[in-house]
Amino acid sequence: MIVLWAAGGILRHVYVRKNADDEVELRRKMSLVVGIGVVAAGAACGNAHLSDHPPVSASPLAGRHILIVEDEMILALDLEDIIKDFGCTSAMVSRVGRAIPLIATQAFGAAILDLNLAGEQVYPVADELIRRSIPFVFATGYGVDGVDPAYRSHPVLAKPYSRHQVEAALLQALAPIP
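Residues numbered from 1 in each chain as written. Predicted model: local features only at pLDDT ≥ 70, side-chain atom pairs only at ≥ 80, totals over all residues. Heavy atoms only, no water.

**Student:** Is there a simple way to think about the packing of aromatic side chains in this case?
**Tutor:** To describe a pair of aromatic rings, one takes the distance between the centres and the angle between the planes. Counted according to the given criterion, the structure contains four aromatic pairs. Geometrically, the ring pair formed by Y123 and Y151 is stacked, given 4.5 Å between the ring centres and 20° between the ring planes. One end of the pair, Y123, is in helix 3 (residues 123–131); the other, Y151, is in the loop between strand 11 (136–140) and strand 12 (156–158), and 28 residues separate them in sequence. Its relative accessible area of 13% is what places Y123 among the buried residues. (Phe/Tyr/Trp six-rings, centres within 6.5 Å; stacked < 30°, edge-to-face > 60°. Helix = DSSP H or I, 4+ residues; strand = E, 2+ residues; numbered from the N terminus. Buried < 20%, exposed > 50% of the residue type's maximum accessible area, 1.4 Å probe, protein only.)

Below, the structure written as structure tokens:
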């Protein structure tokens, strides 16, 4: 399945989803969208990547490796771009069963967790991050009231969110506890 997503006047992503459990094979190009008509469409070919946003210079997050646990691929890809613009690297997974083994094999500086992954709660991933002292943020459309009270000490990023809100939430998660 090929999906084109227009946001902010830019056709941002073209991706191929192999099946519901596989991660995506990403092919990106930029195209300008005028009104409702596409003026020039980027082809889903090659491994070229053109960012539609310049990197955010001097982000305090720069150099960190961020885990993105999100089952909505459009949101995951948007988060990946935001994280990259902060000067960070990232790894994306869409299921609890894939996140926990990944945490054991990669050195993450922080994580962004969608609260509900295809009907499965993300709390086992949160527990593993807590066990390893890796700070994290919940990203959810449910708001703080949707987060189990035992986890409400962790920042909650309300969907939809902006770049600034993502950065602020990650910095809050990384801040020393007084």
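The rest of the description comes next.
**Student:** Please explain helix 2 (residues 96–105) as it appears in this structure.
**Tutor:** The periodicity of an α-helix, 3.6 residues per turn, causes residues three or four places apart in sequence to face the same way. Turning to helix 2, its buried residues are V96, A99, L102 and I103. Summarising the axial view, the buried residues of helix 2 lie within an arc of 125°, below the 170-degree limit, and thus occupy one face. Those residues of helix 2 that are exposed and aimed more than 90 degrees away from the buried face are G97 and T105. Among the structural elements, strand 6 (65–69), strand 7 (89–93), strand 9 (116–117), strand 10 (120–121) and helix 3 are those in contact with the buried residues of helix 2. (Arc of directions from axis to C-beta. Contact = heavy atoms within 4.5 Å.)

**Student:** What is the right way to look at the nonpolar core in this model?
**Tutor:** Most often, soluble globular proteins keep nonpolar side chains buried together rather than apart. Formed by 23 residues in total, the largest nonpolar core has its most connected members in L67, V69, L113, V122, V125, L129 and F138. Elements with a minimum of two residues in this core: strand 6, strand 7, helix 2, strand 8 (110–114), helix 3 and strand 11. With residues near it in sequence (within four places) discarded, L113 still touches V69, V122, V125, A126, L129, F136, V137, F138 and A139. I66, I83, F86 and A169 belong to the second-largest nonpolar core, a separate cluster that totals 22 residues. (Core = buried A, V, L, I, M, F, W, Y, C linked by side-chain atoms within 4.5 Å.)

**Student:** How do you make sense of helix 1 (residues 73–85) when you look at a structure like this?
**Tutor:** Taking 1.5 Å per residue as the helical rise, helix 1 with its 13 residues ought to reach 18 Å, and the 18 Å between its terminal C-alpha atoms agrees with that figure. For helix 1, the tally of buried residues reaches ten of 13 residues, placing the bulk of the element in the interior. Among the residues of helix 1, M73, A76, L77, D78, L79, E80, D81, I82, I83 and D85 are the ones counted as buried. Two residues or fewer past helix 1, G87 is found with a positive phi of approximately 85°. (Expected span 1.5 Å × (residues − 1).)

**Student:** Mind showing me how you'd approach unusual backbone geometry here?
**Tutor:** Geometrically, the link from K159 to P160 is a cis peptide bond, its omega value of -5° lying close to zero. Along the chain, P160 falls in the loop between strand 12 and helix 4 (163–174). For A118, which is not glycine, the phi dihedral falls at a positive 50°. Turning to its location among the elements, A118 is positioned in the loop between strand 9 and strand 10.

**Student:** Would you mind showing me how to read the pairing of strand 7 here?
**Tutor:** Here is the key point about a regular strand: its side chains alternate between the two faces of the sheet. In this structure, strand 6 lies alongside strand 7, joined through five bridges in parallel fashion. The partner of I68 across the bridge, within strand 7, is M92. Between the parallel elements strand 6 and strand 7, the chain passes through helix 1 in a crossover that is right-handed. (Pairing = 2+ DSSP bridges. Right-handed = clockwise from strand over helix to strand, strands pointing away.)

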